[in-house]
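Survey of secondary and tertiary structure
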Amino acid sequence: MADRDGFIWFNGNLVDWRNAKTHVLTHTLHYGMGVFEGVRAYEAQQGTAIFRLQDHTKRLFNSAKITGMNLPFSPEQINQAHIEVVKANKLNSCYFRPMAFYGSNKLGVGPDLNDVQVIVAAWPWGAYLGEEGMQRGIRVQVSSFTRHHPNITMIKAKANGNYMNSIMANTEATRNGYDEAIMLDANGFVAEGSGENIFIVNDGKLYTPALDAALDGITRRTVMAIAADMQLSVTEKRITRDEVYCADEVFFTGTAAEVTPIREVDGRVIGCGARGSLTTEIQQRYFEIVHGKNAKYESWLTYID
Ligand code: PMP
């Protein structure tokens, strides 16, 4: 990733991609305390548009608040940074990675003597779990790793170190030949994927875990709005692993994963073993919204002029 042309917004300046570097004694590299986001821009009706930028930036600032990190930029500056990197890199569609981290002034657990640095990078990125997975559905495995407990790390924070847990789960699942992991919470109930929220469909109704042990996903919120438009009920409730096995349809949601159907869990075929009919319609409506083809949600798009 480091060796490519382009620019990264780094502490207020557009820096040449290859020179956007930090020291090996960077505090966040050692202890994992940082906050980040994943955002996408799509080619929409009137040009390139960033999807739900304000909501992502708000979550970034909330993540910083939760973890006690003081960001040296305003939300408006971070929003503007996204626009600048799209323009500087001449991108039509992209994935963004805003991230705030502690610098290399001082090691030791306490971070406060370090300055807080912020980057916003952007690059083209297709379907996170593969184009084929979007059409046919993916195969997932319930992880042997437990998802975070709310008082171990903070689940509402999209914090760098939280992802060690995700990486362990994703690595286990993919090395076992699956596409992704489903993680259970400390009580054994379904929480989320390693980087996605999860929904199940039963008798035309949607169910999703409450946010006790899952990130408050922005795509999850978008899917809830789509479900309301389709007059489908959505219930937040405890979901057990065997409920997932027996569901009519199961799908993941996430900025990177978008709406990804799940066709198999732990070797059990889900529903018809392919992308389910409601998943198909929700996925289609999701893509209409992000591509600016649904006037009702126009305010979620930030066009690059
Ligand atoms: N859960 C986790 C652990 C994630 O990393 C993500 C991706 N940000 C999500 C859920 C989905 O969140 P969003 O829809 O806001 O991308």
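Per an unreviewed UniProt entry, the recorded name for the chain is Branched-chain-amino-acid aminotransferase, and the organism is Snodgrassella communis. Of the comments in the UniProt record for the chain, the one headed Function (unreviewed entry) reads "Acts on leucine, isoleucine and valine." Recorded under Cofactor (unreviewed entry), the UniProt text for the chain is reproduced unchanged: "pyridoxal 5'-phosphate".

Focus on the site of the ligand
The environment of the ligand is made up of 16 residues, and the closest members are L215, G217, I218, T219 and T255. The dominant element in the shell around the ligand, judged by the number of residues it contributes, is helix 6 (residues 218-229), at three residues.

Section: the domain arrangement of the chain
Taken domain by domain, the chain consists of domain 1 (7-123) and domain 2 (131-290). Taking the mean C-alpha position of each, domain 1 and domain 2 sit 26 Å from one another. Each partner contributes to the interface: domain 1 provides 21 residues, whereas domain 2 provides 12 residues. Mapped by element, the contributors of at least two residues to the side of domain 1 that touches domain 2 are strand 3 (34-36), strand 4 (39-44) and helix 2 (53-67). Among the elements that line the side of domain 1 that touches domain 2, the one with the most residues is helix 2, at seven residues. A per-class count over the side of domain 1 that touches domain 2 returns eight nonpolar, eight polar and five charged.

Observations regarding helix 6
Spanning 12 residues, helix 6 covers 17 Å between terminal C-alpha atoms, matching the ideal 16 Å at 1.5 Å per step. Buried residues of helix 6: I218, T219, R220, T222, V223, I226 and A227, and no others. Positive backbone phi, at 55°, marks Q231, one or two positions downstream of helix 6.

Concerning the environment of L301
When you line up the elements, L301 lands in strand 17 (residues 301-303). Owing to 23 C-beta atoms within 10 Å, L301 belongs among the buried residues under this scheme. Through-space distance from the C-alpha of L301 to that of I289 is 8.9 Å; in sequence the pair is 12 residues apart. In contact with L301, not counting residues within four places along its chain, are A44, A49, F51 and G292.

Re helix 2
For helix 2, which comprises 15 residues, the first-to-last C-alpha distance of 21 Å matches the rise-based estimate of 21 Å (1.5 Å per residue) to within 8%. Within helix 2 the residues assigned to the buried category are L53, H56, T57, R59, L60, S63, A64 and T67. Along helix 2, the residues classed as buried sweep out an arc of 160° about the axis, all on the same side. Of the residues trailing helix 2, G68 is marked for its positive phi of about 80°.

Remarks on unusual backbone geometry
Its identity as a non-glycine residue notwithstanding, N11 has a phi of 55°, on the positive side. Look at Q231: it is not a glycine, yet its phi comes out positive at around 55°. Mapped onto the elements of the fold, Q231 is located in the loop between helix 6 and strand 13 (234-236).

A look at the environment of D216
Examined against the element boundaries, D216 turns out to sit in the loop between strand 12 (205-208) and helix 6. Distance from D216 to V250, taken between C-alpha atoms, is 18 Å for residues 34 residues apart in sequence. Apart from residues no more than four positions distant in its own chain, D216 is found in contact with K156 and L211.

Comments concerning the packing of helix 2 against helix 3 (residues 75-88)
Two elements in contact, helix 2 and helix 3, have axes separated by 10 Å at closest approach and are oriented at 130°. Between helix 2 and helix 3, the angle falls in the class oblique. The hand of the helix 2/helix 3 crossing is right-handed. Contact with helix 2, carried on its side by L53, Q54, T57, K58, L60 and F61, involves P75, I78, N79 and H82 of helix 3 and no other residues of that element. Residue composition of the contact of helix 2 with helix 3, grouped by class: five nonpolar, four polar and one charged.

Structural notes on the packing of helix 6 against helix 8 (residues 277-290)
Here helix 6 crosses helix 8 at 110°, and the two axes come no closer than 10 Å. Classed by the angle they form, the pair helix 6 and helix 8 counts as roughly perpendicular. Regarding helix 6 and helix 8, the two cross each other, and that crossing is right-handed. Contacts from T222, V223 and I226 in helix 6 reach I282, R285, Y286 and I289 in helix 8. When the residues that make up the contact of helix 6 with helix 8 are grouped by side-chain class, the tally is five nonpolar, one polar and one charged.

Points about the confidence of the model for the chain
Looking at the chain, the pLDDT average stands at 97 and 100% of residues meet or exceed 70. Quick note on the complex model: pTM equals 0.97, ipTM equals 0.99.

Thresholds applied
Residues numbered from 1 in each chain as written. Predicted model: local features only at pLDDT ≥ 70, side-chain atom pairs only at ≥ 80, totals over all residues. UniProt positions renumbered as here; feature names shortened; annotations may be inferred. Near = placed C-beta within 6 Å. Helix = DSSP H or I, 4+ residues; strand = E, 2+ residues; numbered from the N terminus. Domains from an automatic or database assignment. Contact = placed C-beta atoms within 7 Å. Nonpolar A, V, L, I, M, F, W, Y, C, P; charged D, E, K, R; others polar. Expected span 1.5 Å × (residues − 1). Buried ≥ 20, exposed ≤ 12 C-beta atoms within 10 Å, placed from the backbone. Arc of directions from axis to C-beta. Axes fitted to C-alpha atoms, helices over the stretch in contact; angles between N-to-C directions. Parallel < 35°, antiparallel > 145°, perpendicular 65-115°, else oblique. Left-handed = near helix turned anticlockwise from the far one by under 90°. pLDDT = per-residue confidence, 0-100.

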